[in-house]
Amino acid sequence: MQNDGAGAEAEMINIPATFRISLRALRANKMRSGLTMLGIIIGVGAVIVMLAVGSGASRRISQQIASMGSNLIIIMPGSSTAGGLRMGAGTQSTLTLSDAEAVARECTAVADVAPMHTGAAQIVYGNQNWATGIEGSGPGILNVRDWTLAAGRPFTDQDVRSATKVCLLGRTVADNLFGSADPLGQIIRIKKIPFVVIGVLAPKGQSMMGQDQDDTVIVPITTAQRKIFGTRLPGMVRHIVVKARGTDEMAAAEAQITELLRERHRLTPREENDFTVRNLTQIMQAAEQSTRIMALLLAAIASVSLLVGGIGIMNIMLVSVTERTREIGIRMAVGAKTWDIRLQFIIEALTLSLIGGVIGIVLGVTGAKLLSVLAGWSTVISVLSVLLAFGFSGLVGLFFGFYPAYKASQLNPIDALHYE
Amino acid sequence: MALIETDRLSKIYPVGETSVRALDEVSVTVRPGEFVAIMGPSGSGKSTFMNVIGCLDEPTSGGYRLEGVDVGRRDRDALAEIRNRKIGFVFQGFNLLPRTSALENVELPMLYNGIGPKERRRLARASLKMLGLEGREKHHPNQLSGGQQQRVAIARALVNQAPLILADEPTGNLDTKTSVEIMELFVKLNRDAGRTILLVTHEPDIAAFSGRIIRFLDGRVISDEPVRH
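Residues numbered from 1 in each chain as written. Chains lettered and ligands numbered in written order. Predicted model: local features only at pLDDT ≥ 70, side-chain atom pairs only at ≥ 80, totals over all residues. Heavy atoms only, no water.

Caption draft 1: Spotlight on the overall build of chain B. Scanning chain B from N- to C-terminus turns up 7 helices and 11 strands. Principal-axis analysis of the C-alpha atoms gives chain B an extent of 50 × 40 × 40 Å. In chain B, which comprises 229 residues, the proportion classed as buried is 55%. Taking the contacts inside chain B whose residues are at least 6 apart along the sequence as the reference set, 68% of them involve residues at least 24 apart. For chain B, the accessible area works out to roughly 10,100 Å², and carbon and sulfur atoms hold 48% of it. (Helix = DSSP H or I, 4+ residues; strand = E, 2+ residues; numbered from the N terminus. Buried < 20%, exposed > 50% of the residue type's maximum accessible area, 1.4 Å probe, protein only. Contact = heavy atoms within 4.5 Å. Areas by Shrake-Rupley, 256 points an atom, 1.4 Å probe, with all protein chains shown as cover.)

Caption draft 2: Representation of the layout of surface pockets in the model. All names here are of chain A. Empty space within the second largest pocket amounts to approximately 350 Å³. Lining the second largest pocket are 15 residues, with Glu101, Pro115, Gly138, Pro139 and Asp157 positioned closest to its centre. Mapped by element, the contributors of at least two residues to the lining of the second largest pocket are α4 (97-106), β4 (110-125), α6 (157-162) and α8 (221-229). Ranked by residue count, the leading element in the lining of the second largest pocket is α4, at 4 residues. Residues that form the lining of the second largest pocket fall into these classes: 8 nonpolar, 3 polar and 4 charged. (1 Å grid on protein atoms, 1.4 Å probe; cavity = no way out; pocket = protein on both sides within 12 Å on 5 of 7 lines; lining within 4 Å. Points joined across faces, edges and corners; volume = space filled by probe spheres on them. Nonpolar A, V, L, I, M, F, W, Y, C, P; charged D, E, K, R; others polar.)

Caption draft 3: Here's a closer look at the packing of aromatic side chains. Residue and element names in this part refer to chain A. A complete count under the given rule lists 6 aromatic pairs over all chains for this structure. When the ring of Phe399 is compared with that of Phe400, the centres are 5.1 Å apart and the planes differ by 85 degrees; the resulting orientation is edge-to-face. Phe400 sits in the buried class, given a relative accessible area of 9%. One aromatic cluster in this structure is built from Trp339, Phe402 and Tyr406. The ring centre of Trp147 lies 5.3 Å from the NZ or CZ of Lys204, which sits over that ring. In this arrangement the basic side chain of Arg342 is found over the ring face of Trp339, its NZ or CZ atom lying 4.9 Å from the centre. (Phe/Tyr/Trp six-rings, centres within 6.5 Å; stacked < 30°, edge-to-face > 60°. Lys NZ or Arg CZ within 6 Å of the ring centre and 35° of its normal.)

Caption draft 4: Just unusual backbone geometry, in detail. Located in the positive-phi region is A:Ala163, a residue other than glycine, with phi close to 50 degrees. Along the chain, A:Ala163 falls in the loop between α6 and β7 (166-169). Residue A:Ala163 is classed as buried on the basis of its relative accessible area, which comes to 2%. In the Ramachandran plot, B:Glu67 falls in the positive-phi region, its phi being about 50 degrees despite a non-glycine side chain. Structurally, B:Glu67 can be placed in the loop between β5 (61-66) and β6 (69-70).

Caption draft 5: Spatial organisation of the environment of A:Arg324. Residue and element names in this part refer to chain A. Inspection of the secondary structure assignment puts Arg324 in the loop between α10 (280-323) and α11 (325-333). For Arg324, a relative accessible area of 10% puts it in the buried group. Residues Arg324 and Ala416 lie 92 residues apart in sequence; the distance between their C-alpha atoms is 8.9 Å. Residues within four places of Arg324 in sequence aside, it is in contact with Ala25, Gln344, Phe345 and Glu348.

Caption draft 6: Spotlight on empty space enclosed by the protein. Scanning the model with the defined rule gives 7 cavities of 30 Å³ or more in all. Roughly 150 Å³ of internal volume is contained in the largest cavity. Around the largest cavity, the lining comprises 13 residues; the ones closest to its centre are A:Ile21, A:Arg24, B:Glu104, B:Glu107 and B:Leu111. At the level of secondary structure, the elements contributing two or more residues to the lining of the largest cavity comprise α2 (15-28) of chain A together with α3 (102-111) and α4 (117-130) of chain B.

Printed below as a string of structure tokens:
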């Protein structure tokens, strides 16, 4: 007996029995236990929903980035200056089709190039008609935007050179004009000009701005310029979209493009660029990053309610220790040691918080699913976020249960036994 | 060898500026198998003596040996272990856990000394049976009479085979008939099972069941004599 030190005590502690004692104490006060758990339930539920909404948003952005095409660089014409007023990017027409061709030919870090001339028009097939965006571009557009054809063939350089009246339909356009019929080889009219449908694009879904990317018609850029929209400046393009060979070649591609275009536009070192080169992926990634930070912020705010729930647990445990002073005295009299008593109350707090945590997880997951079904928000519930919420609720129970348990274990057995 | 041996045991409580000598150099020896009644008016120091003997309280000075082992000044957990192994408590107010079955109440001391659940159950059942409480294992304290509750408490005090039973006014909450039943039970435990019993009471009728009466007054032992039956 004299040799029994701290080491022997640990193995004496009877966890299953202590757990049963805790459960019984919680059952004895169902209403109180339930209300105490509510704090944790709401906290855990809120954390799960916030993380689900947050990662749903950032996954959506990632998908949109992927659907837009990867490793994209956009070249915009420079700003024009009128009487000292600078008019903003794209107000000056400085980019030409041959600029685009030169970039494709000479910049080694560039994989593909798509010069763009876009506009909107009413298109007609039979008795159906549909207003949509028309994108004039080169054959490179499909590769640049990571777009595949669901059916048919892409147009070629030959089509661009001779401005043939062929077009590729986005899924939305095809559905609206043709329904379930096969559009391949059919003739549609864009601004009353007949075009042959040579291909249908695979669906891509919404863009970052919520635009339907499949609501589009792609035609050779020359056709768009000369036959559909007309242009005051033949050979000029609105902007050029460039795909770099890889993520790590983005910077090289940007430098090569800038150098090449300055040279082609005969800019002296003192002159500013008459064009703008932007790394589109970087912009998108910044957006994704800020969404993620927003999600974490939301989860952090939600975890404040978890903290409040923890304080609720501590409060109720302190009441419980006072109410059960006599019980503690009895236990001490029959031989309960410091850690037997502590563990009993810690396990009680832990049980409260973990049961609350599980209910909170169930409610949070259900809430997130409801949000995505009813409100159409995209939500992602990761195993990690569930484990995190569960672990966090456990920690809250442990942290806020310790002080009441400590208080209980420090009671004087004689006083506790005679407590009324 | 003596079971209990105190050597000038003193307990001094500070009360404001002065202090109260609850125990004043008490030297008592109790041999195994004795049945001792401690008597005295309230404030005589008998409760303090029982608390120190029961390892619930520490003496201010003096020595206390239980089964030859000095237990005078130990830390909380060491005292808890001594209480668990060496002492069975029976209280005036029964001190059973509410909302807990008789069986689980009796199992309580064994929760804290590493006896497995099956063995716990078996020993607790045996202890209850010995006290005539067979069939009441599932009853909660509020479903039992005062006498039955006290017998559950005695079963709990016996279950760890503690060499010393400390009974603090065990009949204080019971009617005369039940009190006699409980006292006869103690006598039987002492005579047949050889249990050492230390009983605190202020009723001479109850003390008369014992074999030796120690009287306390103002923290001192004023008389210590055997009972003639």
